[in-house]
Number of protein chains: 2
Amino acid sequence: MRWQTWRHITKLDPDKVITKEEIAEIAASETDALMLSGTLDVTPENLAQLYDNVRDAGLPLTVEPADPSCARFAGIDYVFVPSVFNAGHPAFITGLHKEWAQHAEIQWDKVVQEAYVVLNPNSSVGRLTRAKCDLSPAEVAAYAVIAEKYYAMPVFYIEYSGMYGDPAVTRAVSEAVSQTRVYYGGGINSGEKAAEMGEYADTIIVGNAVYEAGPSVLKETVKAVK
Amino acid sequence: MRWQTWRHITKLDPDKVITKEEIAEIAASETDALMLSGTLDVTPENLAQLYDNVRDAGLPLTVEPADPSCARFAGIDYVFVPSVFNAGHPAFITGLHKEWAQHAEIQWDKVVQEAYVVLNPNSSVGRLTRAKCDLSPAEVAAYAVIAEKYYAMPVFYIEYSGMYGDPAVTRAVSEAVSQTRVYYGGGINSGEKAAEMGEYADTIIVGNAVYEAGPSVLKETVKAVK
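Just so it is clear, the model here is predicted, and its values are computed rather than measured.

> Explain the relation of the copies chain A and chain B to me, and be specific about the residues and the numbers.
When chain A is brought onto chain B, the operation consists of a screw motion whose angular component is 180 degrees and whose axial shift is 0.0 Å, with 0.0 Å RMSD remaining. What we have between these two chains is a two-fold relation. By residue overlap, the copies meet face to face through one surface: 100% of the interface positions of chain A are interface positions in chain B.

Written out as structure tokens, the structure reads:
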């Protein structure tokens, strides 16, 4: 299944524990893909452990590395590589990417470029990247235009990480781009919220709720957007 | 003439004085295009003045704005929009671009995206962008890989601004990219230097020498690369 058709992605954190039973429930939820991703304390080792646990779930597998050491290609369908457009430091836009290109063998045919805007200043990713989060819908939409027209990014990811965001932002972004796919992630823990953001986003991402409410949240959120 | 075929560009600074006779000599030099560009003290007014002076020179005209206020489209063939990949502040990679997209009517079919690496820390552009200039050829080449493969930039611009650079850098970049055009600018004031950098760069840019040695430097540098 090509990633361009995904409507619902489940994000799993290598630094968190998940059981075999929970993985079976995720696999049965009709989510379109698994994204292995975390901001803090992700290592090649716990990433490999999570990979081993989910590799037989029958779902497309992606990795979204927070730094070059976790850009794993083996057994992975796609590597979604983020750039945080509203970061406070260039490391998160071009710097870590340069380190990666200098030292790694990159399978570019597996790379999907993601332009992120991080909107929760209190999240791990907000703090790490020193993201400037106080942005109007028009400002986020302007970042999306730059992502699409200037940088040719196939994905624009509105990341509220752990907090449910402003649907007006997602709507403004969806109206600003044409080719670039709009991803929304953050605080989706019900079918209602999935439907609200899924009206404007091409793809919604459910992450924390899997750990907090349990995998049963997936069926509900999948149903709301498909 | 499509910009992709240009081998030699003459860069003129709106903040500097140039006579009608000098413009006639530039026009006769067989340079491929004029780029109106400066880092400091460029205003819509002095840009318009320079435009009026060169519009009848019979050469393709481009503007390379240092900030959104100077992104002029009227009467211009292309607007070359830089992003400084090794800048010390995100404003020069995504921030000013976002401001531009938020407030301007952009003719995207005239925009050419330029990934810059600025390598002279004492130049105006080096100081303004707080560029991290202490980079090996391999590091600059890694930026070029990111520019081409991650950000799909059509131009990678090695900018030594006012100082003649290291040909090993230009060679490493030319070996690292395939589709992206390699631009070299900085300190070219003789046919010999033009030939040395032109061996690896697709396009060389002559700027300061036009003001220092006079436009006669153009014929010599054009001849060396064509």
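> Let's hear about the sheet that holds strand E7 (residues 181-185) of chain A: which residues, and what values?
Taken in spatial order, the 8 strands of this closed barrel run E1-E2-E3-E4-E5-E6-E7-E8 (chain A), and their pairing is parallel. Taking each pair of neighbouring strands and ignoring which way they run, the sheet shows an average axis angle of 30 degrees.

> So, the pairing of strand E8 (residues 203-206) of chain B: which residues are in play, and what are the values?
All names here are of chain B. Alternating positions in E8 separate into two faces, Thr203 and Ile205 on one and Ile204 and Val206 on the other, with burial throughout. Direction of pairing for strand E7 (residues 181-185) relative to E8: parallel, over a ladder of 3 bridges. In the strand pairing of E8, tyrosine 183 is matched with threonine 203.

> Got a sec to walk through the side chain of B:Thr31? Specific residues and values, please.
All names here are of chain B. Turning to its location among the elements, threonine 31 is positioned in the loop between helix H1 (20-27) and strand E2 (33-37). We classify threonine 31 as buried; its relative accessible area is 4%. Engagement of the side chain of threonine 31 in a polar contact is seen with the side chain of histidine 8, the distance being 2.7 Å. With residues near it in sequence (within four places) discarded, threonine 31 still touches His8, Ile9, Thr10, Ile26, Leu59 and Val222.

> Outline the pattern of salt bridges, supporting the account with residue identities and numerical values.
All told, the structure shown has 12 salt bridges over all chains when counted by the stated rule. For A:Lys226, the salt bridge goes to A:Asp32, with nearest N and O atoms at 2.6 Å. Of this pair, A:Lys226 sits in the segment after helix H9 (216-225) while A:Asp32 sits in the loop between helix H1 (20-27) and strand E2 (33-37); the two residues are 194 residues apart in sequence, bridging distant segments of the chain. A relative accessible area of 53% places A:Lys226 in the exposed class. Exposure remark for A:Asp32: the relative accessible area of 7% places this residue in the buried category. Note that A:Glu139 and B:Lys98 form a salt bridge whose closest N and O atoms lie 2.8 Å from each other. With one member in each of two chains, A:Glu139 in helix H5 (residues 137-150) and B:Lys98 in helix H3 (residues 95-103) form a pair that bridges those chains. Connected via shared salt-bridge partners are A:Lys11, A:Glu64 and A:Glu159.

> Help me get a handle on empty space enclosed by the protein, residues and values and all.
Residue and element names in this part refer to chain A. Taken as a whole, this structure holds 1 cavity of 30 Å³ or more when the rule is applied. Each pocket or cavity is described by its volume, and for the largest cavity that value is around 30 Å³. Lining of the largest cavity is provided by Leu36, Ser37, Gly38, Val42, Leu47, Glu64, Pro65, Ala66 and Cys70. The class makeup of the residues in the lining of the largest cavity is 6 nonpolar, 2 polar and 1 charged.

> Which residues make up the environment of A:His103, and what values go with them?
All names here are of chain A. Topologically, histidine 103 is positioned in helix H3 (residues 95-103). Residue class for histidine 103 comes out exposed when judged on its relative accessible area of 62%. Considering only alpha carbons, one finds histidine 103 and tyrosine 184, 81 residues apart in sequence, at a separation of 31 Å.

> Could you give an account of the UniProt feature "binding site: sn-glycerol 1-phosphate" (unreviewed entry) in chain A, naming the residues involved and the relevant values?
All names here are of chain A. Sites flagged by UniProt as "binding site: sn-glycerol 1-phosphate" (unreviewed entry) map to Lys11, Tyr157, Ile158, Glu159, Tyr160, Ser161, Gly162, Gly187, Gly207 and Asn208. Relative to the helices and strands, tyrosine 160 is located in the loop between strand E6 (155-159) and helix H6 (167-176). Overall, the relative accessible area of 6% leaves tyrosine 160 in the buried class. The residues contacting tyrosine 160, other than those within four sequence positions of it, are Leu119, Asn120, Gly165, Asp166, Val169, Tyr184, Gly185 and Gly186. Inspection of the secondary structure puts glycine 187 in the loop between E7 and helix H7 (191-198). Beyond its immediate chain neighbours, meaning those up to four positions away, glycine 187 contacts Gly162, Met163, Tyr164 and Lys193.

> Hey, could you go over the packing of H3(A) against helix H5 (residues 137-150) of chain B for me, with residue numbers and the actual values?
Two numbers describe how H3(A) lies on H5(B): the axes approach to 8 Å, and their chain directions differ by 105 degrees. Of the possible angle classes, the one that applies to H3(A) and H5(B) is roughly perpendicular. On the side of H3(A), the interface is formed by A:His97, A:Lys98, A:Ala101 and A:Gln102, while H5(B) contributes B:Ala138, B:Glu139, B:Ala142, B:Tyr143, B:Val145, B:Ile146 and B:Tyr150. Tallied by class, residues from the contact of H3(A) with H5(B) come to 7 nonpolar, 2 polar and 2 charged.

Cut-offs used in this document
- Residues numbered from 1 in each chain as written.
- Chains lettered and ligands numbered in written order.
- Predicted model: local features only at pLDDT ≥ 70, side-chain atom pairs only at ≥ 80, totals over all residues.
- Heavy atoms only, no water.
- Least-squares fit on C-alpha atoms with pLDDT ≥ 70 in both.
- Contact = heavy atoms within 4.5 Å.
- Pairing = 2+ DSSP bridges.
- Helix = DSSP H or I, 4+ residues; strand = E, 2+ residues; numbered from the N terminus.
- Axes fitted to C-alpha atoms, helices over the stretch in contact; angles between N-to-C directions.
- Buried < 20%, exposed > 50% of the residue type's maximum accessible area, 1.4 Å probe, protein only.
- Polar contact = N/O pair within 3.5 Å; in protein donor to acceptor, adjacent residues only side chain to side chain.
- Salt bridge = Lys/Arg side-chain N within 4 Å of Asp/Glu carboxyl O.
- 1 Å grid on protein atoms, 1.4 Å probe; cavity = no way out; pocket = protein on both sides within 12 Å on 5 of 7 lines; lining within 4 Å.
- Points joined across faces, edges and corners; volume = space filled by probe spheres on them.
- Nonpolar A, V, L, I, M, F, W, Y, C, P; charged D, E, K, R; others polar.
- UniProt positions renumbered as here; feature names shortened; annotations may be inferred.
- Parallel < 35°, antiparallel > 145°, perpendicular 65-115°, else oblique.

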